[in-house]
Amino acid sequence: MRASERAYTGLRGDILDGRLPPGTVLAEVEQAERLGVSRTPLREALRRLAAEGLAAPGGRGLVVTGVPLAAIDELFELRETLECRAAALAAERGDPAVFRGLQEELLAAPLLISGDALELAGYYTLVGRLDTAIDAAIANAYLAQAMQGLRVHLVRIRRLAADDAGRLTAAAAEHAAIAEAIADRNAHLASAAVTLHLHRSLTHIKATHTS
C-alpha cells in the first residue's frame, strides 16, 4: 500500500471510529510520526479527507469536522431519497435468500449490543453487510456510488447512538424489517420500512444531541 493511501486509510478510520473526535487538529508533524509516513503523503491524505468533508481548515491547520444538527437534517433528506429507492430496487432485483439470512442475523443482533466495544463493532459490521447487499442487489452503479459517498458521514451519525443500547436494539429490529421486506420482494414495504427507520433515527438524534 502506498504511503499516502496508508495515511488516508488510517486517518479516515480514526475519524469515523471517533478516535479523532471533531475539533482535533491534524498537525502534519504529529500525524506523520504517528502513522509512520513522511509529510508529503500525509498532505495528500489530508487533501482527500478535506474533499470528503471529514476535515476543514481551522486556526492551526486542518481540523476534524463535526456533524451539526443542521447538516444531519440535510443528510437525512438525501438519505431518504436514495435509500428508499435502493430498498425498493433491491426487493425487485435481489436474491431473497441473501436478505433472509441477513434478517435472521439482525433479529439476533441484540446479543451484540451490550456496550462491549468488540461486540458493538460486530453489530456495525452486520449493518454494513446489509448496506453492501443492497448495493449489490440494485444493479445500479450510479445509485450505489451516491450512497457510498453519503455513508462516509452516516457512519459518524450512527456513532451518536452508540451509548444508547435501547435505540440500537430498536434500530436492529428496523433493519431486520427492511431485510425481511426485501426478501419478500415487497418493494413498497421495503421503502416504507426504510422511511420508518430513518424517521426514528433522526428523532432520536435530535432528542439527544443539541449541537
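Residues numbered from 1 in each chain as written. Predicted model: local features only at pLDDT ≥ 70, side-chain atom pairs only at ≥ 80, totals over all residues. Heavy atoms only, no water.

A few words on the pattern of salt bridges. Per the stated rule, a full pass over the model turns up 16 salt bridges. Across the salt bridge formed by arginine 2 and glutamate 44, the nearest N and O atoms sit 3.4 Å from each other. Of this pair, arginine 2 sits in the segment before helix H1 (3–16) while glutamate 44 is found in helix H3 (residues 39–51), placing the two residues 42 residues apart along the sequence. A residue is classified by how much of its surface remains accessible, and glutamate 44, at 27% relative accessible area, is partly exposed. One connected set of salt bridges, linked through shared partners, spans Asp14, Asp17, Arg19 and Arg34. (Salt bridge = Lys/Arg side-chain N within 4 Å of Asp/Glu carboxyl O. Helix = DSSP H or I, 4+ residues; strand = E, 2+ residues; numbered from the N terminus. Buried < 20%, exposed > 50% of the residue type's maximum accessible area, 1.4 Å probe, protein only.)

Put simply, helix H5 (residues 96–107) and helix H8 (residues 165–183) touch, their axes get as near as 8 Å, and they point 160 degrees apart. With respect to H8, the element H5 is oriented roughly antiparallel. Read as a crossing pair, H5 and H8 show a hand that is left-handed. Across the interface between the two elements, Pro96, Phe99, Arg100, Leu102, Gln103, Leu106 and Leu107 of H5 pack against Ala172, His175, Ala176, Ala179, Glu180, Ile182 and Ala183 of H8. (Axes fitted to C-alpha atoms, helices over the stretch in contact; angles between N-to-C directions. Parallel < 35°, antiparallel > 145°, perpendicular 65-115°, else oblique. Left-handed = near helix turned anticlockwise from the far one by under 90°. Contact = heavy atoms within 4.5 Å.)

Turning our attention to the pairing of strand S2 (residues 61–64). Of the strand pairs in this sheet, strand S1 (residues 55–58) and S2 are connected by four bridges, and their pairing is antiparallel. When the sheet's bridge partners are listed, proline 57 is paired in S2 with leucine 62. Two successive antiparallel strands, S1 and S2, enclose a turn made up of two residues. (Pairing = 2+ DSSP bridges.)

Moving on: H1. In this model, H1 (14 residues) spans 20 Å end to end at C-alpha, consistent with the 20 Å of a helix rising 1.5 Å per residue. Among all positions in H1, only Ser4, Ala7, Tyr8, Leu11, Asp14, Ile15 and Leu16 are buried. (Expected span 1.5 Å × (residues − 1).)

With that out of the way, let us pick up the nonpolar core. Counting residues in hydrophobic clusters, the biggest one holds 48 residues, and the most contacted among them are Phe99, Tyr123, Ile134 and Ile138. When contributions to this core are tallied by element, the ones reaching two or more residues are helix H4 (69–93), H5, helix H6 (117–138), helix H7 (141–159), H8 and helix H9 (187–208). Take this core: its biggest share by element is 11 residues, from H4. Counting 19 residues, the second largest nonpolar core, distinct from the first, contains Leu16, Leu20, Val37 and Leu46. (Core = buried A, V, L, I, M, F, W, Y, C linked by side-chain atoms within 4.5 Å.)

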